[in-house]
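These are the residues of each chain, in order.
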Amino acid sequence: MKHVSGMKKTVLAATVAATAATGLIAPSMAAAEVSGTVGVSNMYFWRGQDISDGGAQVFGSLDYAHSSGLYAGVWGSSETETTEYDLYAGYAGSVGDFSYDLAYVDYNYPNDTDSDLQEVVLGLGYAGFSAGAYIGVGDYGRGDDSTDNKDKYFTVGYSYDKYGILIGTWDFDADDINYTHVDLSYALTDELGFTVSKVVSADDCAINNNEDTNFNASGECTASDSSIKDDTLFVVTYALSF
């Protein structure tokens, strides 16, 4: 699941497609008004983390794009202990080499509604360079037990031909759990892509260290960054578009 805030416990160019390893699932805005994808990956890779604990991922999407730049769609995926579907809508366009994308994304986990969350996503691109801002809105979870989602995630990247690099960093509302990762990607074909990812900086209570037992009664982190799970990840993704 993608609930990775400090409460213990993921688009186009810079929105929902960023949840896949290579961005191969982005809806096509050019020819067809209705498009879709289906794909597999050796892990569920999301923002520098393997959130399927080494298990394979199966995913797919169905998208509608209007010639005005408006689009909407649904993306679904397998997970380790549950399933996921994401609903999104936005507006994208370009002026010369400059591109822009503004979207709203609603992440849903039918078997784990405490992990549901929403984000507003802004993506900008120019001549191979890209930047994205993922701003948490609404709540984590549903109902009386929900909590405010004030977390933020930012990316900068560059792509040339079949190669790409992306730097992603978290700005969590909670203290001592932020981390930064670097992804290197290569698209062998339009369908097959490879990504190598490494966490390059992490607070003491980031990633697998953000359990309750690693915080004292005052909410201060008591863990050591030496136990953080920051192994290099190797991701292989194959996706078909229709």
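Our subject is the structure listed above.
Reading the values: the criteria
Residues numbered from 1 in each chain as written. Predicted model: local features only at pLDDT ≥ 70, side-chain atom pairs only at ≥ 80, totals over all residues. Heavy atoms only, no water. Disulfide = S-S within 2.5 Å. Helix = DSSP H or I, 4+ residues; strand = E, 2+ residues; numbered from the N terminus. Pairing = 2+ DSSP bridges. Axes fitted to C-alpha atoms, helices over the stretch in contact; angles between N-to-C directions. Phe/Tyr/Trp six-rings, centres within 6.5 Å; stacked < 30°, edge-to-face > 60°. Buried < 20%, exposed > 50% of the residue type's maximum accessible area, 1.4 Å probe, protein only. Core = buried A, V, L, I, M, F, W, Y, C linked by side-chain atoms within 4.5 Å.

Visitor: How would you sum up the state of the cysteines? Please name residues and give values.
Guide: By the definition in use, this model includes 1 disulfide. Between the sulfur of Cys205 and that of Cys221 lies a disulfide, 2.1 Å long from S to S. Where Cys205 bonds to Cys221 through sulfur, the torsion about that S-S bond is close to 90°, and the disulfide is right-handed. One end of the pair, Cys205, is in the loop between strand E15 (192–202) and strand E16 (233–241); the other, Cys221, is in the loop between E15 and E16, with 16 residues separating them in the sequence.

Visitor: Residues and numbers for the sheet that holds strand E13 (residues 163–171), please.
Guide: Around the barrel, 12 strands lie side by side as E1-E4-E5-E6-E7-E8-E9-E12-E13-E14-E15-E16; this closed barrel has antiparallel pairing. When the angles between neighbouring strand axes are averaged without regard to direction, this sheet yields 20°. Sheet analysis places strand E7 (residues 98–108) next to strand E8 (residues 117–126), joined by 10 bridges and oriented antiparallel. Looking at E8, one finds that Ser99 is bridged to Gly125.

Visitor: Account for the packing of aromatic side chains, with residues named and values stated.
Guide: Per the counting criterion, the structure on display carries 10 aromatic pairs. For the pair Phe59 and Trp75, a centre-to-centre distance of 6.1 Å together with 25° between the ring planes defines the contact as stacked. Of this pair, Phe59 sits in strand E4 (residues 57–65) while Trp75 sits in strand E5 (residues 70–78), placing them 16 residues apart in sequence. Phe59 sits in the buried class, given a relative accessible area of 3%. Accessibility expressed as a relative area gives 0% for Trp75, which makes it buried. Ring centres of Phe129 and Tyr158 lie 4.5 Å apart, and the angle between their planes is 50°; on these two criteria the pair is classed as tilted. Linking Phe129 in strand E9 (residues 129–137) with Tyr158 in strand E12 (residues 152–160), this pair joins segments that are 29 residues apart in sequence.

Visitor: Explain the nonpolar core residue by residue, including any values.
Guide: Counting 30 residues, the largest nonpolar core has Tyr71, Trp170, Tyr179 and Ile207 as the members making the most contacts within it. Mapped onto this core, the elements with two or more residues apiece are E4, E5, strand E6 (83–95), E7 and E8. Ranked by residue count, the leading element in this core is E7, at 3 residues.

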